[in-house]
Amino acid sequence: MNRHSVSTSNHDLLDYVLRQGDTPLILAQRLCEWCGHAPELEIDLALSNIGLDLLGQARHFLSYAATIMPDTHPDSEKKPDEDYLAFHRDEREFLNLLLVEQPNGGFNDTLVRQFFMDAYHVLLHQALVQSRDPQISAISAKSLKEVEYHLRFSRGWMIRLGDGTEQSRQKIQQSVNQLWRFTGELFHCDDIEQRLAAEGIAVDPRTLHEPWLDIVNETFAAATLEIPAELPYRQGGKQGLHTEHLGYMLAEMQSLQRAYPNCNW
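First things first, this report covers the structure right here in the doc. Only a predicted model underlies this, so the values are computations on that prediction, with no experimental measurement involved.

What counts and how
Residues numbered from 1 in each chain as written. Predicted model: local features only at pLDDT ≥ 70, side-chain atom pairs only at ≥ 80, totals over all residues. Heavy atoms only, no water. Helix = DSSP H or I, 4+ residues; strand = E, 2+ residues; numbered from the N terminus. Rg over C-alpha atoms; globule rule 2.2 N^0.38 Å. Buried < 20%, exposed > 50% of the residue type's maximum accessible area, 1.4 Å probe, protein only. Contact = heavy atoms within 4.5 Å. Lys, Arg positive; Asp, Glu negative; His and termini not counted. Charge placed at Lys NZ, Arg CZ, Asp CG, Glu CD. Salt bridge = Lys/Arg side-chain N within 4 Å of Asp/Glu carboxyl O. Expected span 1.5 Å × (residues − 1). Arc of directions from axis to C-beta. Axes fitted to C-alpha atoms, helices over the stretch in contact; angles between N-to-C directions. Parallel < 35°, antiparallel > 145°, perpendicular 65-115°, else oblique. Left-handed = near helix turned anticlockwise from the far one by under 90°. Nonpolar A, V, L, I, M, F, W, Y, C, P; charged D, E, K, R; others polar. Core = buried A, V, L, I, M, F, W, Y, C linked by side-chain atoms within 4.5 Å. Phe/Tyr/Trp six-rings, centres within 6.5 Å; stacked < 30°, edge-to-face > 60°. Lys NZ or Arg CZ within 6 Å of the ring centre and 35° of its normal.

Secondary structure summary: the protein contains 10 helices and zero strands in total. Seen in sequence order, the protein has helices and strands lined up from the N terminus as α-α-α-α-α-α-α-α-α-α. Taking 18 Å as the expected radius of gyration for a compact globule of 265 residues, we find that the protein reaches 18 Å, a close match to that expectation. For the protein, the spread of C-alpha atoms along the three principal axes comes to 60 × 45 × 30 Å. Expressed as a percentage of the 265 residues in the protein, the buried residues total 54%. Nonlocal contacts in the protein, meaning residues at least 24 apart in sequence, comprise 76% of its contacts between residues at least 6 apart. When the 23 basic and 38 acidic side-chain charges of the protein are each reduced to a single mean position, those positions are 1 Å apart.

Rendered as structure tokens:
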């Protein structure tokens, strides 16, 4: 895929739509790794269903991204589609947030990662419903109903475990401390987002920081958790600079299509 062959006027939009598709795609892959391995059946089903919701959101955004791209497959006359964008791009071509590619770890790690992302996604889609781009607005309107449920689920478990036993609180706090460094990227605004926000197409992520902190602070107060003193500092995923974890995940996620290109059932 060559994003640079896209006209300058569409390059920013393509990058932005890919970001909105890649983040839920990678998070969906992480959540579905829990299938059959969660602590209890109810959680197993919930995580799988949330993963499927996120996969649906990813499909909408990646399908839209494919319509913006004039490129063809390197091995066919077809335009790229959602499958091509998911299974035939390399690590540096993915533009997802670093937080979502972090390993599942224990349920506490997955839960904290999910809560941070759910709070962000609710605010993001609330804002993008007002986008001047009709496709982005429509996708966000549909996604908003789903991510509001996701937040209720993760927030409820944050409080249940944070305000539970001393062991459960310690585990949740440990996960918060470990993943906090990736949260700053959610609100980092680069030139692409600034230009699109000025046109009313994107949201300036800096405007989401304070309301996100309000959700986190309210939840942490109920869960007897503390915000880490360390400032968040890891970023680069939106520019294609990832942690070592994404490459291993993509190798597994893309293995079938890489071995049998354009295969179907």
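A few words on the pattern of salt bridges. Per the stated rule, a full pass over the model turns up 11 salt bridges. The salt bridge involving Arg19 is made with Asp190; its shortest N-O contact spans 2.6 Å. Residue Arg19 is found in helix α1 (residues 8-32), and its partner Asp190 is found in the loop between α6 (166-179) and α7 (191-198); the two are separated by 171 residues along the sequence. With respect to class, Arg19 is no different from Asp190; both count as buried. The closest approach of N and O atoms between Arg59 and Glu82, which form a salt bridge, is 2.4 Å. Here Arg59, found in helix α2 (residues 41-68), pairs with Glu82, found in helix α3 (residues 82-87); they are 23 residues apart in sequence, far enough to count as distant.

A few words on α6. Counted at 1.5 Å a residue, the expected span for α6 with its 14 residues is 20 Å, and the 20 Å between its end C-alpha atoms agrees. Within α6, the full set of buried residues consists of Ser168, Ile172, Gln173, Ser175, Val176 and Leu179. End-on view of α6: buried residues confined to an arc of 160°, all on one side of the axis. Of the exposed residues in α6, the ones pointing more than 90 degrees away from its buried face are Gln167 and Gln174. Lining the buried residues of α6 we find α4 (107-128), α5 (134-162) and α8 (209-223).

Turning next to the environment of Ala138. The residue Ala138 is located in helix α5 in this model. Sequence separation between Ala138 and Leu128 is 10 residues, and the spatial gap between their C-alpha atoms is 8.9 Å.

Time to look at helix α9 (residues 244-253). Because an α-helix completes one turn every 3.6 residues, residues spaced three or four positions apart along the sequence face the same direction. For α9, the set of buried residues is Leu246, Met249, Leu250 and Met253. Angular distribution of buried residues about the axis of α9 spans 100°; they occupy a single face of the element. Facing away from the buried side of α9 by more than 90 degrees, the exposed set consists of Glu244, Tyr248, Ala251 and Glu252.

Relative to each other, α2 and α4 sit at 40°, their axes nearing to 13 Å. Of the possible angle classes, the one that applies to α2 and α4 is oblique. The two elements α2 and α4 meet at a crossing, and its hand is left-handed. Taken together, the residues of α4 that come into contact with α2 (itself represented by Ile43, Leu47, Ile50, Leu54, Gln57 and Phe61) are Phe107, Gln114, His121 and His125. Within the contact of α2 with α4, the residues separate by chemical class into six nonpolar, four polar and no charged.

Phe116, Tyr120, Met158 and Trp212 are the most contacted members of the largest nonpolar core, which totals 78 residues. Excluding residues within four positions of it along the chain, Trp212 makes contact with Phe116, Ala119, Tyr120, Leu123, Trp180, Thr183, Leu186 and Phe187.

Moving on to the packing of aromatic side chains. A complete count under the given rule lists eight aromatic pairs for this structure. The rings of Phe115, Phe116, Tyr120, Trp180, Phe187, Trp212 and Phe220 are connected pair by pair, giving a single aromatic cluster. Cation over ring: Arg89 sits above Phe94, and NZ or CZ is 4.2 Å from the ring centre.

On to the environment of Gly162. Within the secondary structure, Gly162 is located in helix α5. Those residues in contact with Gly162 that sit more than four places away from it in its chain are Trp157, Arg169, Ile172, Ala223, Thr224 and Leu225.

Notably, Thr224 is not glycine yet its phi reads approximately 55°, a positive angle. By secondary structure assignment, the location of Thr224 is in the loop between α8 and α9. Thr224 sits in the partly exposed class, given a relative accessible area of 36%.

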